[in-house]
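Architecture and fold: a report
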Amino acid sequence: GVTDRIYVKAQGTYFQKPSDEEIDTQKRLLINRYPVLKDKKIVAGVGNTTERKGFDIFLQTALLMPEYEFIWAGKKENYYEEAIEKYRKPSNFIYIGTLNDKELSGVYSLIDVYLMCSRFDTLPSTILESLLFETPVVGAKNSGGIVDIISSDNGVLTESADERQFADAIKYAFVKN
């Protein structure tokens, strides 16, 4: 019967870092598309726009930090509209949509801080992707596997997934780097 079968599904990070030339091209394309990013400090989130991924916390953090640009890359889920309606769309927020590895490399190379604002995430591959580009990561200790990867050497951990704690951690990350 069905109950005696075990299925092993692929899991993990598949991100392949493109050539430096490709990364520079993608970075240029991103700045051309969103000129406001040119001379700003940038915080990015990557993932589906869900409550579990903390999309609403990302928006709230952006509202607290108007001096920085906040960009989000990933699949737009139904929760996107709900969160935008509830917290309003911050003027310093740009949703850039779903990107492939090449396009994502432009994001990771352009940003100053990666904000992993998930409420729960066992092992977010986006952290590993961000670290490939030596981008500091901010995230919550209680969200999952992040505690095994992020330390004071490569980011800042907050006690919980909270916009005020994230804002303080982002400011600290900018000072530190």
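Everything here concerns the structure above.
Residues numbered from 1 in each chain as written. Predicted model: local features only at pLDDT ≥ 70, side-chain atom pairs only at ≥ 80, totals over all residues. Heavy atoms only, no water.

Looking at the packing of helix α1 (residues 20-33) against helix α4 (residues 101-110)
Orientation of α1 relative to α4, taken along the N-to-C sense of each, is 80 degrees, at an axis distance of 7 Å. One way to sum up the angle between α1 and α4 is to call them roughly perpendicular. Within the contact between the two elements, α1 uses Glu22, Ile23, Gln26, Lys27, Leu30 and Ile31 and α4 uses Lys102, Glu103, Ser105, Gly106, Val107, Ser109 and Leu110. Residue classes in the contact of α1 with α4 are distributed as five nonpolar, four polar and four charged. (Axes fitted to C-alpha atoms, helices over the stretch in contact; angles between N-to-C directions. Helix = DSSP H or I, 4+ residues; strand = E, 2+ residues; numbered from the N terminus. Parallel < 35°, antiparallel > 145°, perpendicular 65-115°, else oblique. Contact = heavy atoms within 4.5 Å. Nonpolar A, V, L, I, M, F, W, Y, C, P; charged D, E, K, R; others polar.)

Thoughts on the sheet that holds strand β2 (residues 69-73)
Ordered by their spatial adjacency, six strands build an open sheet running β3-β2-β1-β4-β5-β6, and the pairing between neighbours is parallel. One side of each edge strand has no neighbouring strand; the edge strands of this open sheet are β3 (93-97) and β6 (155-158). Each strand axis lies, on average, 20 degrees off the axis of its neighbour in the sheet, ignoring direction. Bridge count for strand β1 (residues 42-46) against β2 is five bridges, and the pairing is parallel. By the bridge assignment for β2, Gly45 is matched with Trp72. Across the sheet, helix α2 (residues 55-64) lies against β1, β2, β3 and β4 (113-116), angled at about 165 degrees from β2, the strand it touches most. (Pairing = 2+ DSSP bridges.)

Describing helix α3 (residues 79-87)
For α3, the full list of buried residues reads Tyr79, Tyr80, Ala83 and Ile84. Summarising the axial view, the buried residues of α3 lie within an arc of 135 degrees, below the 170-degree limit, and thus occupy one face. In α3, the exposed residues that point more than 90 degrees away from the buried face are Glu82, Glu85 and Lys86. Buried residues along α3 sit in contact with α2 and β3. Taken from the residues just after α3, Arg88 is the one with a positive phi, measuring 60 degrees. (Buried < 20%, exposed > 50% of the residue type's maximum accessible area, 1.4 Å probe, protein only. Arc of directions from axis to C-beta.)

Quick notes on the side chain of Thr61
By secondary structure assignment, the location of Thr61 is in helix α2. We classify Thr61 as buried; its relative accessible area is 0%. In this structure Thr61 touches Phe70, Leu115, Glu163, Phe166, Ala167 and Ile170, once residues within four positions along its chain are discounted.

Quick look at a negative patch on the surface
Taken together, the side chains of Glu51, Glu81, Glu82 and Glu85 present a region of like negative charge at the surface. Tracing the sequence through the fold places Glu81 in helix α3. Overall, Glu81 belongs to the partly exposed group, its relative accessible area being 48%. (Patch = residues over 30% accessible without salt bridge, like charges linked within 9 Å, V, L, I, M, F, W, Y side chains within 5 Å. Areas by Shrake-Rupley, 256 points an atom, 1.4 Å probe, with all protein chains shown as cover. Salt bridge = Lys/Arg side-chain N within 4 Å of Asp/Glu carboxyl O. Lys, Arg positive; Asp, Glu negative; His and termini not counted. Charge placed at Lys NZ, Arg CZ, Asp CG, Glu CD.)

Observations concerning the pattern of salt bridges
Across all of its chains, the model carries five salt bridges by this definition. A salt bridge links Asp121 to Lys53; the nearest nitrogen and oxygen atoms lie 2.8 Å apart. Of the two residues, Asp121 is situated in the loop between β4 and α5 (125-132) and Lys53 in the loop between β1 and α2; the sequence distance between them amounts to 68 residues. Between Lys141 and Glu159 there is a salt bridge, with the nearest N and O atoms lying 2.8 Å from each other. On the criterion of sequence distance, the pair formed by Lys141 in the loop between β5 (137-140) and β6 and Glu159 in the loop between β6 and α6 (163-176) is long-range, its members being 18 residues apart. Judged by its relative accessible area of 37%, Lys141 falls in the partly exposed class.

Here's the deal with the nonpolar core
Formed by 28 residues in total, the largest nonpolar core has its most connected members in Phe70, Phe93, Leu115, Val138 and Ile170. Of all the secondary structure elements, the ones that give two or more residues to this core are α2, β2, α3, β3, β4, β5 and α6. Here this core takes six residues from α6, the largest share from any one element. Val138 has contacts with Val113, Tyr114, Leu115, Met116, Val156, Phe166, Ala169, Ile170 and Ala173, leaving out every residue within four places of it along the chain. Of all hydrophobic cores here, the second largest spans 25 residues; its members include Tyr34, Leu99, Val107 and Met116. (Core = buried A, V, L, I, M, F, W, Y, C linked by side-chain atoms within 4.5 Å.)

What is shown is where atoms sit, not what they do.
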